[in-house]
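Results of the structural survey
Listed below are the residues making up each chain.
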Amino acid sequence: MTTSDNPIVISGAGLWTPEHSISNEELVEAYNGYAEKYNREHASDIESGKTSAKPLSSAEFITKASGIKSRYVFAKEGILDSERMRPFIPTRTNQELSHQAEMGLAAARKAIAAANKQPADIDVVIVACSYTQRSYPAIAIEIQDQLGASGFGFDMLVACSAATFALQRAYEMVTAGTAKCVIVVNPELTSPQNNWRDRDSHFIFGDVATATIVESAATCTSEHSYEILSTKAVTSFSNNIRSNFGYLAYADDSDPFGEDKFFIQNGRKVFKEVCPMAAEHLTSQLQELGIENAEVKRWWLHQANINMNVLIGKRLLGRPATAEEAPIVLDKYANTASAGSLIAFNLHHKDLQAGDIGVICSFGAGYSIGSLIVRKR
Ligand code: CO8
């Protein structure tokens, strides 16, 4: 979908970063302590072939294979404890603010300030992320209530593409006139769904929250705003990234926290299949607007793996993209599911000049690819 006579803009962005960070070295020390203990305790079963030994992890492998050097987490306690190997996030009462609403609100307030808006200006709140901590009431409605915003709110889950898909819904609502000012909030609390005991995936994810305001250019008074020139979404079913966590575990008598309920992937296949899909998707979207890939000033790409971004950059430009053209944030933040491209946007957009073209793009589970082409005003 494209627009020109009724410009819709991204007028503000906010980023909330947890205070706790875990380096690869800390992570590997904890994991290896756990694996060695497991191997000692199961030595006879391992020797008889009844069970497999837990392989050891390495900080060098993680950095080389993924580009990740550290990750932020909502709660550090428990993750590095080889007896526990999962975060400790105590329950809150129904009267207290939920964890994801707390994360989301912190980012939302920054986005509202950046857009030069008041909370009362917001008439739709969309919470878009990979998991919500409860089924209902929607986290979005809790955030709406805390903000004192009118209108309505809802949650939507599209894994890695939740944020871009929600921005597209926001764009369509403002275009249709069914909303005036939409906030898209991405409280990505991934750490409870990450299998910290799995050597192949324990390093991948981090927690963060981002928020973005979408409104009409006619109401926009912010210093930095970006006209949305085009949006594009595609999905193609794949089991290569999967989580079977869900409410049916109670009915099928399976362990709700069993190994198969965590994030699981065939990382190699994902890499091979998603990179060409993403590059073709973006090239064709830009072509529809008559824009050459080389004309794009900034690529705010999904942040899963540095080697993926390098490969996609090469496919798009015929050469590696520079750090200025396609900023990398996954070295510090790791894979934050749908928030990755928006972290990059938050940290690297203010230097663009009026008329500069940028691309926000997510790719991942589903498979799903979501993208927006924007122009600085
Ligand atoms: N330490 C040391 N060695 C290791 C480790 C480790 N931690 N992990 C694997 N190895 C070993 C393997 O065993 C293998 O050994 P061998 O060759 O002897 O078999 C060797 O290293 C190579 O392993 P891989 O082939 O697995 O390694 P890769 O080079 O492919 O790198 C990656 C693995 C980093 C996972 C890579 O494949 C990748 O990033 N692929 C892309 C994946 C991707 O983008 N996925 C998207 C997932 S995110 C998403 O969609 C959102 C989900 C929703 C959020 C979920 C929240 C929890």
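That block above? That's the structure.
Below is a short write-up of the structure. (Residues numbered from 1 in each chain as written. Predicted model: local features only at pLDDT ≥ 70, side-chain atom pairs only at ≥ 80, totals over all residues. Heavy atoms only, no water.)

Time to look at the overall build of the protein chain. Within the protein chain, the secondary structure is distributed over eleven helices and 13 strands. In terms of its C-alpha atoms, the protein chain occupies a principal-axis envelope of roughly 70 × 55 × 35 Å. Per-residue burial for the protein chain yields a buried fraction of 53% across its 377 residues. Pairs at least 24 apart in sequence give 78% of the contacts found in the protein chain among residues at least 6 apart. Summed over its atoms, the accessible surface of the protein chain is roughly 16,700 Å², and 51% of this surface lies on carbon and sulfur atoms. Charged side chains of the protein chain number 35 positive and 43 negative; the gap between the two group centres comes to 3 Å. (Helix = DSSP H or I, 4+ residues; strand = E, 2+ residues; numbered from the N terminus. Buried < 20%, exposed > 50% of the residue type's maximum accessible area, 1.4 Å probe, protein only. Contact = heavy atoms within 4.5 Å. Areas by Shrake-Rupley, 256 points an atom, 1.4 Å probe, with all protein chains shown as cover. Lys, Arg positive; Asp, Glu negative; His and termini not counted. Charge placed at Lys NZ, Arg CZ, Asp CG, Glu CD.)

Bringing the packing of helix α1 (residues 24–41) against helix α3 (residues 59–66) into the picture now. Orientation of α1 relative to α3, taken along the N-to-C sense of each, is 125°, at an axis distance of 9 Å. Comparing their axes, α3 and α1 come out oblique. Where α1 crosses over α3, the two elements pack in a sense that is right-handed. Between α1 and α3, the residues in contact are N24, E25 and V28 and A59, I62 and T63, respectively. The class makeup of the residues in the contact of α1 with α3 is three nonpolar, two polar and one charged. (Axes fitted to C-alpha atoms, helices over the stretch in contact; angles between N-to-C directions. Parallel < 35°, antiparallel > 145°, perpendicular 65-115°, else oblique. Left-handed = near helix turned anticlockwise from the far one by under 90°. Nonpolar A, V, L, I, M, F, W, Y, C, P; charged D, E, K, R; others polar.)

Moving on, we get to the site of the ligand. The full set close to the ligand counts 28 residues, and C160, R199, Q265, R268 and N305 are the nearest of them. A distance of 2.6 Å is found between an oxygen atom of the ligand and a side-chain nitrogen or oxygen belonging to R199. One of the side-chain nitrogen or oxygen atoms of Q265 is found 2.8 Å away from a nitrogen atom of the ligand. Here the ligand loses 76% of its free accessible area of 1,200 Å² to cover by the protein chains. Tallying contributions element by element places helix α8 (residues 267–288) first for the shell around the ligand, with four residues. Along the lines of polarity and charge, the residues of the shell around the ligand split into 14 nonpolar, eleven polar and three charged. (Near = heavy atom within 4 Å. Polar contact = N/O pair within 3.5 Å; in protein donor to acceptor, adjacent residues only side chain to side chain.)

Moving on to the packing of α8 against helix α9 (residues 306–317). Contact geometry of α8 with α9 gives a least axis separation of 9 Å together with a crossing angle of 40°. It follows from the interaxial angle that α8 and α9 lie oblique. Of the two elements, α8 crosses α9, and the hand of that crossing is right-handed. Here V270, F271, V274, C275, P276, A278, A279, L282 and T283 of α8 lie close against α9, whose contacting residues are N307, M308, L311, I312, R315 and L316. For the contact of α8 with α9, the per-class residue count stands at twelve nonpolar, two polar and one charged.

Bringing the side chain of S216 into the picture now. Within the secondary structure, S216 sits in strand β7 (residues 208–216). Within the structure, the side chain of S216 is placed 3.0 Å from the backbone nitrogen of A218, a separation counted as a polar contact. Setting aside its immediate chain neighbours within four residues, S216 contacts N6, P7, I8, V9, V174 and K180.

We now examine the nonpolar core. Of all hydrophobic cores here, the largest spans 46 residues; its most connected members are W299, V359 and F363. Counting residues per element, this core draws most heavily on α8, which supplies seven residues. Non-local contacts of F363, meaning those with residues more than four positions away in its chain, are made with C160, S161, V274, A278, H302, M308, N309, I312, S368 and I369. The next biggest cluster of nonpolar side chains, apart from the first, holds 38 residues, and it includes A128, Y171, V214 and I228. (Core = buried A, V, L, I, M, F, W, Y, C linked by side-chain atoms within 4.5 Å.)

Bringing the sheet that holds strand β12 (residues 357–364) into the picture now. With mixed pairing, the nine strands of this open sheet are ordered in space as β5-β4-β6-β7-β1-β8-β13-β12-β11. Edge strands, defined here as strands with exactly one partner in the open sheet, are β5 (152–157) and β11 (296–301). Taken pair by pair, the neighbouring strands of this sheet meet at an average axis angle of 25°, ignoring direction. α9 rests against β11 and β12 of the sheet, and its axis sits at about 150° to β11. (Pairing = 2+ DSSP bridges.)

The subject of this paragraph is unusual backbone geometry. Of note, the amide linkage connecting Y136 to P137 takes the cis form, showing an omega dihedral of -5°. Here P137 lies in the loop between β4 (124–129) and α5 (139–147). Y367 follows G366 through a cis peptide bond whose omega is -10°. Structurally, Y367 is set in the loop between β12 and β13 (368–376). We note that M85 has phi near 55°; this positive angle belongs to a residue other than glycine.

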